[in-house]
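# Results of the structural survey
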Amino acid sequence: MKLINIGFGSMVSAQRVIAIVSPDSAPIKRLGQEARERGMLIDASFGRKTRSVLVMDSDHVIWSSLSVQQMTARFGNGAEQEQEIEEDEL
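Anyway, here's the lowdown on the structure attached to this text. Residues take numbers from 1 onward in each chain, read along the sequence in its written order. With pLDDT at 70 or above as the cut-off, local features in this predicted model cover only qualifying residues; side-chain atom pairs require 80 or more to be listed or tallied, and sums for whole chains, interfaces and linings still use all residues. Side-chain metrics rest on all non-hydrogen atoms present in the structure, leaving aside hydrogens and water.

### Quick notes on the pattern of salt bridges
The cut-off we apply is this: Here, a salt bridge means any side-chain nitrogen of Lys or Arg that lies within 4 Å of a carboxyl oxygen of Asp or Glu. In this text, helices come from DSSP runs of H or I with a minimum length of four residues, and strands from runs of E with a minimum of two, each type numbered from the N-terminal end. Here's how the labels work: a residue is buried when its accessible area is under 20% of the maximum for its type, exposed when over 50%, partly exposed in between, all with a 1.4 Å probe on protein chains only.
Scanning the model with the defined rule gives 2 salt bridges in all. The partner of D57 in a salt bridge is R16, with the nearest N and O atoms 2.7 Å apart. Of this pair, D57 sits in the loop between β5 (52-56) and β6 (61-64) while R16 sits in the loop between β2 (10-13) and β3 (17-21), placing them 41 residues apart in sequence. Across the salt bridge formed by D59 and R38, the nearest N and O atoms sit 3.2 Å from each other. On the criterion of sequence distance, the pair formed by D59 in the loop between β5 and β6 and R38 in helix α1 (residues 26-38) is long-range, its members being 21 residues apart. Overall, D59 belongs to the partly exposed group, its relative accessible area being 46%.

### Concerning the pairing of strand β1 (residues 3-7)
Quick note on the threshold: Pairing between strands requires that DSSP locate at least two bridges from one strand to the other.
Where β1 and β2 come together, 4 bridges link them in antiparallel fashion. Paired with I4 across the two strands is V12, which belongs to β2. In textbook terms, the turn of a hairpin is the stretch between consecutive antiparallel strands, and for β1 and β2 this stretch comprises 2 residues, one of which, F8, has a positive phi near 55°.

### What about α1?
Stated formally: In a helix, the anticipated span is given by 1.5 Å times the number of residues less one. It is the directions from the helix axis to the C-beta atoms whose arc is reported. Note on contacts: a residue pair qualifies if any of its non-hydrogen atoms lie within 4.5 Å across the two residues.
The terminal C-alpha atoms of α1, which comprises 13 residues, lie 18 Å apart, in line with the 18 Å expected from a rise of 1.5 Å per residue. For α1, every residue scored as buried is listed here: I28, G32 and A35. Buried residues of α1 fall within an arc of 65° about the axis and therefore sit on the same side. Opposite the packed face of α1, turned more than 90 degrees from it, sit the exposed residues K29 and E37. Buried residues along α1 sit against β3, β4 (41-43), β5 and β6. G39 lies just past α1 and shows a positive phi near 80°.

This is the structure:
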């Protein structure tokens, strides 16, 4: 199981992440509010500005203070390998 640091020592399982999105749009803000109401929100931003939102396969929503770009860089190696495979198939 590959764990990814999402800031302030918090870790998530890389295999369980469905999406990493920016928190700026109204639908994503609504997703976070609904997750809070259901008890499925994890605030890993530790009081700082939320700069990315992770949607997990367990229906949890995680707020992080790292940007989407920083987060994707931390997931980096697997994504780059998948992209290379897809390019080779074309």
